[in-house]
Amino acid sequence: MALPDLDELIAEVDRTCDTAHRPGGAAEQPDWLALLTVAAQLSGQLQALADDLVEDYVEHCRMHGCSWTDIGAALGVTRQAVQQRFHAPHKRYAPETMTDDLREAMTHVKRAAVQHRNNYIGTEHLLWGLTAKPNNATRLLEASGVAPDVVHRSVEAHLSMGASQAAERIAWTPYSRKAIALAEEQAGSALIDCDHLLTGLSRVGRGVAATVLTEAGFAVAAPDEDSQRA
């Protein structure tokens, strides 16, 4: 795959910026500030895509037993630096930010990780926990014509046995962190509930949970579609 060069990116900025060129003929200077704004937006999109690419491989490295020291060496940084970047603080997922139903679901999430000796909480663990008992997430699935028990059995088939002995501090994978961030965004100032996390898992678009939900026929509207209906 050939990466775009600078000239191609400049051409894309020029094409995308509708207000870049003021009327009045070729002698007029383009709107450089408008072009800069679009260039910064494009740069941000490229950086986010690059970050997602690296996070994806970090997630797989962790899932397959690579240490933070080895991952840091591969990225040319220290173990501490790579942990700070990819190992999310647990305080963001404190019980006081969740409803009682979600706190109960989280006990099933952790149980799934511990019983399978996994040293990470992936989207598969989150979806398994959400569908272990009736709650807002299972009711949302049912309202969409999807059987929660079918989803539960399907995601259970993706849980693999690992070799970890850790039980207290289990790292969240990048996709799981994105899902909870989307759930927090949807909840706003309210407590995060099970249906918020289910929606977040679907909107991440990647990972085991998103695959299982898509195969089951569950889909949610994009955030901009929600705002248009509001």
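Residues numbered from 1 in each chain as written. Predicted model: local features only at pLDDT ≥ 70, side-chain atom pairs only at ≥ 80, totals over all residues. Heavy atoms only, no water.

Trainee: Could you give an account of the pattern of salt bridges, with specific residues and numbers?
Mentor: Overall, the coordinates contain 3 salt bridges when judged by the stated rule. When the shortest N-O distance is used, the salt bridge between Asp100 and Arg103 registers 2.1 Å. Of this pair, Asp100 and Arg103 both sit in helix 5 (residues 100-115), 3 residues apart, which is roughly one turn of that helix. The class of Asp100 is exposed, set by a relative accessible area of 56%. Owing to a relative accessible area of 31%, Arg103 belongs among the partly exposed residues under this scheme. As a salt-bridge pair, Arg153 and Asp149 come within 3.4 Å of each other at their nearest N and O atoms. (Salt bridge = Lys/Arg side-chain N within 4 Å of Asp/Glu carboxyl O. Helix = DSSP H or I, 4+ residues; strand = E, 2+ residues; numbered from the N terminus. Buried < 20%, exposed > 50% of the residue type's maximum accessible area, 1.4 Å probe, protein only.)

Trainee: Before we move on, could you go through the packing of helix 6 (residues 123-130) against helix 8 (residues 148-156) and cite the residues and values that matter?
Mentor: Where helix 6 meets helix 8, the axes come as close as 9 Å, and the angle between the chain directions of the two elements is 150 degrees. The orientation of helix 6 with respect to helix 8, classified from their angle, is roughly antiparallel. The two elements helix 6 and helix 8 cross, and the hand of that crossing is left-handed. Contacts between helix 6 and helix 8 involve Glu124, Leu127 and Trp128 from the former and Val151, His152, Val155 and Glu156 from the latter. (Axes fitted to C-alpha atoms, helices over the stretch in contact; angles between N-to-C directions. Parallel < 35°, antiparallel > 145°, perpendicular 65-115°, else oblique. Left-handed = near helix turned anticlockwise from the far one by under 90°. Contact = heavy atoms within 4.5 Å.)

Trainee: Could you give me a rundown of the environment of Ala132, with the residues and numbers involved?
Mentor: Summarising the element assignment, Ala132 is placed in the loop between helix 6 and helix 7 (136-143). Judged by its relative accessible area of 25%, Ala132 is partly exposed. Separated by 24 residues in sequence, Ala132 and His108 place their C-alpha atoms 7.0 Å apart. Those residues in contact with Ala132 that sit more than four places away from it in its chain are His108 and His152.

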